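Chain by chain, the residues run as shown.
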Amino acid sequence: MTLADIVPTLRPALRGRLDDPGLWPTGTTIDAHGDLVLGGVRATELAARFGTPVDVLDEAQVRAACRAYRDALPGAEISYASKALLTRAVARWVTEEGCALDVCSAGEVAVAVRAGVPGERITLHGNAKTPDDLKAALRAGVGRIVIDSAGEIEQLAALVPGRQQVLIRVTPEVDAHTHTSITTGVADQKFGVLPSMLADVVRAVAARPNLALAGLHCHIGSQVRRPSDYETAARRMVALLAAVRDECGMTLGQLNLGGGQAVRYVTDDPEFDLAGYARRVTVAIAYECDRLRFPLPHLGIEPGRSIVARAGTTLYRVVSVKHGVRTFVAVDGGMSDNPRPALYGAPYTVRLVGRRSRTPDRRVAVVGRHCEAGDVLAGDVPLPGDVHPGDLLAVACTGAYHHSMASSYNLVGRPPLVAVGGGHANLLVRGETEDDLLARDVGA
Ligand SMILES: Cc1ncc(COP(=O)(O)O)c(C=O)c1O
Ligand SMILES: N[C@@H](CCCC[NH3+])C(=O)O
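Not measured: the values here are computed from a predicted model.

Around ligand 2, the structure places Lys 83, Ile 182, Ser 222, Arg 305, Arg 340, Tyr 344, Tyr 401 and Met 405. One nitrogen or oxygen atom from the side chain of Arg 305 is found 2.6 Å from an oxygen atom belonging to ligand 2. Between ligand 2 and Arg 340, the relevant distance is 2.5 Å, taken from an oxygen atom to a side-chain nitrogen or oxygen of the residue. Bound to the protein, ligand 2 loses 84% of the 310 Å² it would expose on its own. Residue composition of the shell around ligand 2, by class: four nonpolar, one polar and three charged.

Let us look at the confidence of the model for the chain. On average, residues of the chain carry a pLDDT of 95, and 96% of them reach 70 or more. Confidence drops under pLDDT 50 across residues 1-5; counting only partners more than four residues distant or on other chains, this segment forms one contact. Confidence estimates for the predicted assembly give a pTM of 0.95 and an ipTM of 0.98.

The three strands lie next to each other as β1-β2-β3, forming an open sheet whose pairing is antiparallel. Each edge of the open sheet is held by one strand with a lone partner, namely β1 (29-30) and β3 (41-42). Pairing analysis gives two bridges linking β1 to strand β2 (residues 36-38), with the strands arranged antiparallel. The residue bridging Thr 29 from the neighbouring strand is Val 37, located in β2.

Bridging between strand β14 (residues 327-331) and strand β16 (residues 361-367) involves three bridges; their strand directions are parallel. Paired with Phe 328 across the strands is Ala 365, a residue of β16.

Reading guide: rules and limits
Residues numbered from 1 in each chain as written. Chains lettered and ligands numbered in written order. Predicted model: local features only at pLDDT ≥ 70, side-chain atom pairs only at ≥ 80, totals over all residues. Heavy atoms only, no water. Near = heavy atom within 4 Å. Polar contact = N/O pair within 3.5 Å; in protein donor to acceptor, adjacent residues only side chain to side chain. Areas by Shrake-Rupley, 256 points an atom, 1.4 Å probe, with all protein chains shown as cover. Nonpolar A, V, L, I, M, F, W, Y, C, P; charged D, E, K, R; others polar. pLDDT = per-residue confidence, 0-100. Contact = heavy atoms within 4.5 Å. Pairing = 2+ DSSP bridges. Helix = DSSP H or I, 4+ residues; strand = E, 2+ residues; numbered from the N terminus.

Structure, rendered in structure tokens:
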């Protein structure tokens, strides 16, 4: 008997454990019935109570991620990038853990304000801030607005009632080698000001007495794996701070290096080296400041994905199993609740939950219910060979850019978001109902 013969026999026995616990919230377990226990609550119970699909969020994991950043970079401002996932509860958790909040729309401002986040803890971003975004941010008294282009200076200055602290976002020309759609540090993309144009933008801001320029900002991309890319960005940004001093006579005190730290979605993904990142960035800044005789700026960063991704798990019910060129396991959600595979070819980890199976695994495609062949949640993953309609599947690491990017495609309502922790489940955002969808259709 070879190892290959033994492995399929062993696998069912191993299913009582999580193959790769690092992909799930800390403390997640499998119980004696093969159920996934998230924050002390069984997946079958969550599915029965809230229906499927359902996005589940582990509060302790979100809080732990905030603390990990605060420990790694003591003294730095950790501003949670709320585009990854924003609800009142999430805003409250991250601010209770000492983080500030990044927003990029009037809607995000509204949720932050409703959650009680103090205005001065909020930063507004956006490459195309609308007058409504700006007005909402100014009403909320946001601490900072990040200027993304020369064109918005006049519009902002005209709206600011008193004096507004601003940063300027610069393109540091660092390629973070992530998906093109989420690469934002290179010259040819829509965000930020080119270094060659920075001095003019600084002067234009300085000419507005109601804008107080506090520093520079950059964000090199999302799902960035290499700490060395941040180190390069940090060095370039300090050089730009020194250039602003030399060319414009202004010594700016803040440096924000944005977010983008990668997370693991599948076993082959490497762990992001948070300690190494923190060390490289702080050493690079200190070294460059010393070299250029520039005072150490106050550092800020803006992690989004890495605060919430691992905290999220999505539960789906299997609707059909079809055998063809591949075996297609179709579930009751899909690209409307998770557009990431279709947009970025993002891989995911899927497992059967709620029962134990002794049937060896086979490779399948887990697909959604939407009217597109590209509606594939995980194109080639192992699942027990006896998976059948009615089974419950759990997809790991769905806390970031799922709920926040969900649509109602095919008029399938967006799923609810439920927080778990300490054995309790708490509905954060209710699912979108047919009535919600019909209520928006107001034309006769
Ligand atoms: C300005 C800014 N800051 C922070 C983030 C957060 O990125 P991530 O969720 O990858 O950490 C983004 C999104 O990429 C962003 O555009
Ligand atoms: N939506 C992207 C990340 C965008 C980052 C926002 N600036 C993703 O899911 O990977």
